[in-house]
Each structure stands twice: as C-alpha cells, then as structure tokens.
Amino acid sequence: MSTDHLDVLIVGAGLSGIDAAVHIGKAFPDKSYALLEQRGELGGTWSLFKYPGIRSDSDMYTLGFGFRPWDGKHAIADGPDILRYLRDTAEEYGVDQRIRYHRKATTYEWSSDDQRWTVTVDDTETGATETLTCDFLFSTSGYYNYDAGYTPDWPGFADFQGTVVHPQHWPEDLDYEGKRVVVIGSGATAVTLIPSMAEKAGHITMLQRTPTYIVSQPKIDPIAETIKKIAPKKQRAKLIHARYAAITIGFYEFCRRNPTAAKILLKRWAKMHLPKDFDYDTHLTPPYAPWDQRLCVVPNADLFRAIHSHKVDVVTDHIEEFTPTGIRLKSGEELEADVVVTATGLDVVAMGGADFVVDGEKVDLGEKFTYKALMLSDVPNFAFIIGYSNASWTLKADLVCEYVVRVLRHMDKHGRRVVVPRIAEGMHPEPVLDLTSGYIQRAAGKLPSAGDRDPWRLKQNWYFDKKFLRSSKVDDGVVEFS
C-alpha cells in the first residue's frame, strides 16, 4: 500500500474536474494537486455516453469554460466535439499530466489532529488499494452513478425476447437498421437519440408516461456568427456569452413568473414544426409548469421534423407489462418492438458514492446543509461542484472554482489550515436541486440540503451568484477558520 500527500486532491476528471484543476494550477503554481478518475479517460459524461446523436443540452457559449471560450461554430454541439474541446483544454493547461486513471475514491477520512484528509483509493484495473492524504478535498464527480443508470422493474421485463439497451451503456455493435424501436422516456436523452436513430430505424415509438416541454433552438446561431465577424476579437466571446446567459436565465425567470404565458409560447413555437394533426395537448403538455422540470432543447427542431416524417410516433401511456414481442400498455394497446431503449434516467449518488468520516464519525450526507451550494456544514476543507439545473453547468462550476481559490488564498495569507462552515440552529432544509424530475425525487435523502436563509439558500441565478461569490467576504462569520 502506497501513500503520498497533496495540497489539493480533485476527484473526477470530467468538465468540472478540468475546470477546478485549471483554476488551482493557475492560482497556485507551487501547490501540488492531482485528479482521480475512476475510468480510463477524461471527459466524464462526454466520454461515457456513446448513444447516437449525443450532444449538449445547453448552449456551448456558456457550457464552455470562462478561461477558454468555445470557438466552435455550433451553439448546440455534438458529444465528440465537446470531448475534443475538453481534451484540448486539459492538454493546453497540463491537466492531462495530473490525472490518475482507474482510481476510485471509496473513503474520505478527516482528522482534526492531523488537519488533513486520508483518502482510500481502489485501482479499478488491478483491485489494489492505495492511500492518499491531502490538505483540501475538491469533489467534481457530479451527482449520478457512472456505473449504472436507472431502469424500473417492469412486470414481464425478463420475458422480452428482443434487445434492451440503456443509453448509459450503449453497445457499439447495436444493429437497429430497419427495426422497430421503442424508446421509453421523454427527457433530454430520449429527445436526443430519437432523431438520430430515425435515420436508420424502420420505425421509432417514443413511449412516455408524462410529457416534457420541448423547445427548438438553432444549432448555428446567426447572431453569434455575426458578432464573431464584426466585434473586436477581445470582445467576441464576452458578448456571445452575455447574450446566451441573458436569454437562458431571462427565459427561465419568465417561465417561473408567468407559467401560463410560457405554456402558450412553448406550444406556439412547437406547433410551427409539427404535423397539423399532431395532438400537442396530449403528447407535449406536461401536468406541471415550465421549469418545474428541465426543459428539453432540440437543435433545428430535429425531433419535431422526425415526427413530421412519420418515422417517429409519440405514445403517452403507462406500461402494463412487457411481452415476449413488445410492451402492453394500460390502455390495452401493444407496441411491438425489436429493440427497446430504456431512456429512464439516472441513478443519483452524492459525491461519487464515497463514505465520509470526520474525526471517527461517519457522515450522513443527507443530513448536511450546503454552504453557498459549494461546501458542507461541519465538513472541513472540502468543496464540491453541482451546476445549475436551469442553465449551463459551467456557469456555476466557474464561479465555484473562483470561490475555492479565494478561500485557499485567504487561508494562505492568514496562516490558516482549516476552514469549515458551521450551521445555525433551526435551519429548514430545502432541495439542493429544485426540480420535480423523477431522478431527483428518487434521490430524496441521498443529497445534502440547501437552507432557508443566506448563505445556505439556493438561488439558481447566475447573476446573483456571480456577485455574491465574487464579492462576499470569505471570512463571513459563518465559516470557521483555524
């Protein structure tokens, strides 16, 4: 068993991990840091998912890093282009040399006597175990299980004689050309892969229990392209970034404050691309308000155009049971299928599923509160990244990384070794992810909570957070330095 010590340990080498590593490396060239990655390549989501048509569900001008703006042509980019961007970023800033692959952190143990974390790490290739120590621990592993997605236990599921695929484990050799495909789900994954699969499949049925609000967005933004041509070079990225941030966050606020008007707009925009006989109210009107769950974006109305071609049908119903040849619905209808794709969501885990222990006491993350949505109550020298649910992930990730740099600089300047947020009495828990999506509801009790007052409150507003995290005092009387 080997042991070595690092100033900062970053867990996860996806988008957030690369973001964190660049910020730490630039701010503290003399500090030692490394990234642990349980898989054999960087990129997180963008190297894990291989299903047809995988792409961003946020615009790339805000999903790109603030320190290295996206310069591609597509506002909605394909997965391989995003992965290439992440690899290039990691190489340009030397992050790729700091990644330790096939390393899964299983236990984090904090010792107040030693003022450091001891991290137990499994080698996912050899099964060996090693131990690391670090002064500051930074979790950038997101909030879902990379090993498996979520699939319900439907009656008769084992009897189905066709092929069943979950998008999180897409086989490279899957043959669906000319075949009958049923995609179960109505979220971002389903609306992404259906138009791409429709090019080869004989017919696709999108089977949903509950509809989702879907909005079309240009894959190439003509206004962004104009800005690139006429604006000064130093201002282009800032102008495009500001435009997309304003549109995304502004439309979210409009939807939350004017749900009836938002429903009318979303229906009008969608029906511009759908067949005249399409039953919008049944298939695209959810029983909840816009942004109670995340809106799905389709580039250039590709899903709507696939429906228009009649190669794709939408069925809104509940599954009664699987049969050997397909799926029987509660309405009595049976959908015959050669291939079933279970785009049924994620399995949520907190901080990569590792165990936390503070001074010998195991920590229940579900009982902790999130300080500024980036640190945990009574957990020392620890930060994490969870992006926005209503805007691009990176908008939040950039701000968290900047704030962690501020905290570490404060500690260096004042000779402090430990920082820990202390919770006030009587705090009322609020969801840290303010959506009603199924995967969020299934995670009840697994994730820490936000609070009902500042600085524990969850804002989900980039404009507020930008001001709050960049200008608020680090030593604010809530965090304890020692």
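Structure first, text after, so check above.
Keep in mind the model is a prediction, meaning the values are calculated, not measured. (Residues numbered from 1 in each chain as written. Predicted model: local features only at pLDDT ≥ 70, side-chain atom pairs only at ≥ 80, totals over all residues. Heavy atoms only, no water.)

S.K.: Could you clarify how one ought to interpret the state of the cysteines in this entry?
M.R.: Every disulfide links exactly two cysteines, by a covalent bond between their sulfur atoms. Inspection of every chain in the model, using the stated rule, returns 0 disulfides. Counting only cysteine sulfurs, C296 is the nearest neighbor of C255, a cysteine outside any disulfide, at a range of 13 Å. Given a relative accessible area of 1%, C255 falls into the buried group. Just so you know, C401 is unpaired, no disulfide at all, and the nearest cysteine sulfur is the one on C134, 16 Å from it. (Disulfide = S-S within 2.5 Å. Buried < 20%, exposed > 50% of the residue type's maximum accessible area, 1.4 Å probe, protein only.)

S.K.: Whenever I open this one, the packing of helix α6 (residues 222-230) against helix α7 (residues 233-257) confuses me. Can you help?
M.R.: For any two helices packed against each other, the geometry comes down to the angle between their axes and how far apart the axes lie. At a minimum axis separation of 9 Å, α6 and α7 run at an interaxial angle of 160°. Overall, the two elements α6 and α7 adopt an arrangement that is roughly antiparallel. Read as a crossing pair, α6 and α7 show a hand that is right-handed. Taken together, the residues of α7 that come into contact with α6 (itself represented by I223, A224, I227 and K228) are R236, L239, I240 and R243. Considering only residue class, the contact of α6 with α7 consists of 5 nonpolar, no polar and 3 charged. (Axes fitted to C-alpha atoms, helices over the stretch in contact; angles between N-to-C directions. Helix = DSSP H or I, 4+ residues; strand = E, 2+ residues; numbered from the N terminus. Parallel < 35°, antiparallel > 145°, perpendicular 65-115°, else oblique. Left-handed = near helix turned anticlockwise from the far one by under 90°. Contact = heavy atoms within 4.5 Å. Nonpolar A, V, L, I, M, F, W, Y, C, P; charged D, E, K, R; others polar.)

S.K.: Before we go on, may I ask you to explain the sheet that holds strand β16 (residues 339-342) in this structure?
M.R.: Note: strands within a sheet are paired through backbone hydrogen bonds, in either parallel or antiparallel orientation. Strand order in the open sheet formed by 5 strands is β7-β16-β8-β9-β12, and the pairing between neighbours is parallel. Every other strand in the sheet has two partners, leaving β7 (163-165) and β12 (312-316) as the edge strands with one partner each. Each strand axis lies, on average, 20° off the axis of its neighbour in the sheet, ignoring direction. As paired strands, strand β8 (residues 180-184) and strand β9 (residues 203-208) are joined by 5 bridges and run parallel to one another. Across the sheet, the residue bridging to V182 is T205, located in β9. (Pairing = 2+ DSSP bridges.)

S.K.: Looking at this model, I keep getting lost on the layout of surface pockets. Mind explaining?
M.R.: Over the atoms, a rolled probe matching the size of one water molecule traces out where space is still vacant. Each pocket or cavity is described by its volume, and for the second largest pocket that value is around 530 Å³. Lining of the second largest pocket is provided by 24 residues; of these, V215, Q217, I247, T248 and V297 occupy positions nearest its centre. Counting only elements with at least two residues in the lining of the second largest pocket, the list comes to β10 (214-217) and α7. Tallying contributions element by element places α7 first for the lining of the second largest pocket, with 6 residues. Broken down by class, the residue content of the lining of the second largest pocket amounts to 12 nonpolar, 7 polar and 5 charged. (1 Å grid on protein atoms, 1.4 Å probe; cavity = no way out; pocket = protein on both sides within 12 Å on 5 of 7 lines; lining within 4 Å. Points joined across faces, edges and corners; volume = space filled by probe spheres on them.)

S.K.: Please clarify how helix α8 (residues 259-271) should be interpreted in this entry.
M.R.: With 13 residues, α8 should reach 18 Å at 1.5 Å per residue; the first-to-last C-alpha distance of 18 Å fits that figure. Every buried residue of α8 is listed here: A262, L266 and A270. Viewed end-on, α8 has its buried residues packed into an arc of 60°, placing them on one side of the element. In α8, the exposed positions angled more than 90 degrees off the buried face are occupied by T260 and R268. Packing partners of the buried residues in α8 comprise β10, α7, α9 (280-283) and α10 (302-308). (Expected span 1.5 Å × (residues − 1). Arc of directions from axis to C-beta.)

S.K.: I keep staring at the nonpolar core and nothing clicks. Help me out?
M.R.: Buried together is how nonpolar side chains tend to be arranged in soluble globular proteins. Ranked by size, the top nonpolar core spans 119 residues in total, and within it L86, F138, W170, V181, V183, I194 and I204 carry the most contacts. With 11 residues, the top contributor of residues to this core is helix α11 (residues 393-414). Ranked by size, the runner-up nonpolar core spans 32 residues in total, among them L132, A354, V418 and V432. (Core = buried A, V, L, I, M, F, W, Y, C linked by side-chain atoms within 4.5 Å.)

S.K.: Where do I start with the packing of aromatic side chains in this structure?
M.R.: Aromatic ring pairs are reported here in terms of the distance separating the ring centres and the angle at which the planes meet. Scanning the entire structure with this criterion turns up 27 aromatic pairs. Here W154 and F322 contribute two aromatic rings whose centre-to-centre distance is 5.4 Å and whose plane-to-plane angle is 40°, an arrangement assigned as tilted. Of this pair, W154 sits in the loop between β6 (129-139) and β7 while F322 sits in strand β13 (residues 319-323); the two residues are 168 residues apart in sequence, bridging distant segments of the chain. Of the two residues examined, W154 and F322, each falls in the buried class. Members of the aromatic cluster, connected to one another through ring pairs, are Y108, W110, W117, F356, F382 and F384. Its guanidinium or amino end placed over the ring of Y244, R243 lies 5.5 Å from that ring's centre, counting from NZ or CZ. (Phe/Tyr/Trp six-rings, centres within 6.5 Å; stacked < 30°, edge-to-face > 60°. Lys NZ or Arg CZ within 6 Å of the ring centre and 35° of its normal.)

S.K.: Please explain empty space enclosed by the protein as it appears in this structure.
M.R.: Counted by the stated rule, this structure contains 2 cavities of 30 Å³ or more. Roughly 80 Å³ of volume is contained in the largest cavity. Ranked by the residues each element gives to the lining of the largest cavity, the list is headed by helix α13 (residues 462-471), at 4 residues. Class assignment for the residues of the lining of the largest cavity results in 6 nonpolar, no polar and 6 charged. Its volume calculated, the second largest cavity comes out at about 60 Å³. Together, A373, F384, I386, G387, Y388, K396, V432, L433, L458 and Q460 line the second largest cavity. Taken together, the residues of the lining of the second largest cavity sort by class into 7 nonpolar, 2 polar and 1 charged.

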